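Residues per chain are reported as follows:
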Amino acid sequence: MFTATYSLQTFEYFLLILVRISACVFAAPYFNTRGVPARTKIGLAGCIAMMLTGVLPEQNLAYTGLMEYGVIVIKEGITGLLIGYSASICNSIVLFAGALIDMQVGLSMAQEFNPMTQMNESITGNFYNYMVLLLMLATNMYHYVIRAVCESYQLIPINQQVFQWDYLLQGITSYMSKLLVIGFQITLPVFACMMIINCVLGIMAKVSPQMNMFAVGIQMKVLIGLAVLFFAVMLLSDVAGSVAEEMKRLVVYMVKGMYVSE
């Protein structure tokens with residue numbers, strides 16, 4: 001016969017787990033878009049929190065009043081947000097690369113409104129963002145984020161966070177350098193072709209000054225840039241792999257910045 005016990009302490013413990021899971025789900029990539037209904041996010045976070053409540057060993061939380069319990073809730077929310085947001089900001093790598101590509105091709109002024117992020121984004125950056133997101137969904141990359149927040153309880157139990165802000169700041173700084181490196185690596189094929197075109201146009205301007213190289217150059221850059229992007233689609237798997245590796249590295253960095261190893 002199946003029996004289950006219920007107490008107010010168990011419910012309070014469940015709420016603390018739900019806060020961390022919910023904060024991570026609402027900040028994690030794919031789940032933080034407006035295309036995912038709020039009911040889906042709440043249901044997913046609630047199911048994961050219920051399963052973890054039955055699996056994790058119940059702790060004896062030391063708090064004496066509502067104010068101390070509220071402080072624990074805030075700490076759990078910050079923990080979940082840091083884990084989810086550290087994975088979400090890695091999408092800015094492809095947006096940065098797309099903005100550089102559009103600047104080289106001549107499409108930097110052709111911005112489009114993305115209803116999922118409520119922001120104006122470049123055409124190439126938006127295209128790369130959707131393609132990389134689809135590749136991550138196909139490879140079940142979102143499972144990694146869910147496992148990361150679930151397994152974080154092994155290193156960071158409830159109310160045992162030690163926020164090392166210097167270490168977290170170092171992780172964000174290292175991410176900024178990686179963003180520039182990976183972004184320029186994605187842009188390199190288009191940048192090299194545009195460099196060759198500029199050299200050719202410069203030579204043609206000297207050979208035949210009567211030609212309007214400005215009008216010719218704009219059309220050539222757009223056509224050749226689109227052709228390069230067409231052939232560079234086969235490299236999107238490598239781009240998604242680089243973004244996924246950076247996502248894993250940054251999530252691990254954030255988790256290490258919230259606990260003290262013995």
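Residues numbered from 1 in each chain as written. Predicted model: local features only at pLDDT ≥ 70, side-chain atom pairs only at ≥ 80, totals over all residues. Heavy atoms only, no water.

Peer 1: A description of a nonpolar patch on the surface should follow, citing residues and the corresponding values.
Peer 2: A grouping of Phe-230, Phe-231, Met-234 and Leu-235 is seen on the molecular surface, where their side chains present a nonpolar patch of about 500 Å² in accessible area. Looking at the secondary structure, you find Phe-231 in helix H8 (residues 213-231). On the accessibility criterion, Phe-231 (55% relative accessible area) is exposed. (Patch = residues over 30% accessible without salt bridge, like charges linked within 9 Å, V, L, I, M, F, W, Y side chains within 5 Å. Areas by Shrake-Rupley, 256 points an atom, 1.4 Å probe, with all protein chains shown as cover. Salt bridge = Lys/Arg side-chain N within 4 Å of Asp/Glu carboxyl O. Helix = DSSP H or I, 4+ residues; strand = E, 2+ residues; numbered from the N terminus. Buried < 20%, exposed > 50% of the residue type's maximum accessible area, 1.4 Å probe, protein only.)

Peer 1: Now, about empty space enclosed by the protein: what can you tell me, with residues and values included?
Peer 2: Applying the stated criterion to the full structure yields 2 cavities of 30 Å³ or more. Put simply, the largest cavity is a space of about 70 Å³. Of the residues that constitute the lining of the largest cavity, the class distribution is 9 nonpolar, no polar and no charged. Approximately 40 Å³ is the volume found for the second largest cavity. (1 Å grid on protein atoms, 1.4 Å probe; cavity = no way out; pocket = protein on both sides within 12 Å on 5 of 7 lines; lining within 4 Å. Points joined across faces, edges and corners; volume = space filled by probe spheres on them. Nonpolar A, V, L, I, M, F, W, Y, C, P; charged D, E, K, R; others polar.)

Peer 1: Summarise the pattern of salt bridges; cite the residues concerned and give the values.
Peer 2: Across all of its chains, the model carries 2 salt bridges by this definition. The partner of Arg-249 in a salt bridge is Glu-246, and the shortest N-O contact between them spans 2.7 Å. Within this pair, Arg-249 and its partner Glu-246 are both found in helix H9 (residues 236-256), separated by 3 residues, close to a single helical turn. Given a relative accessible area of 28%, Arg-249 falls into the partly exposed group. Classification of Glu-246 as buried rests on a relative accessible area of 3%.

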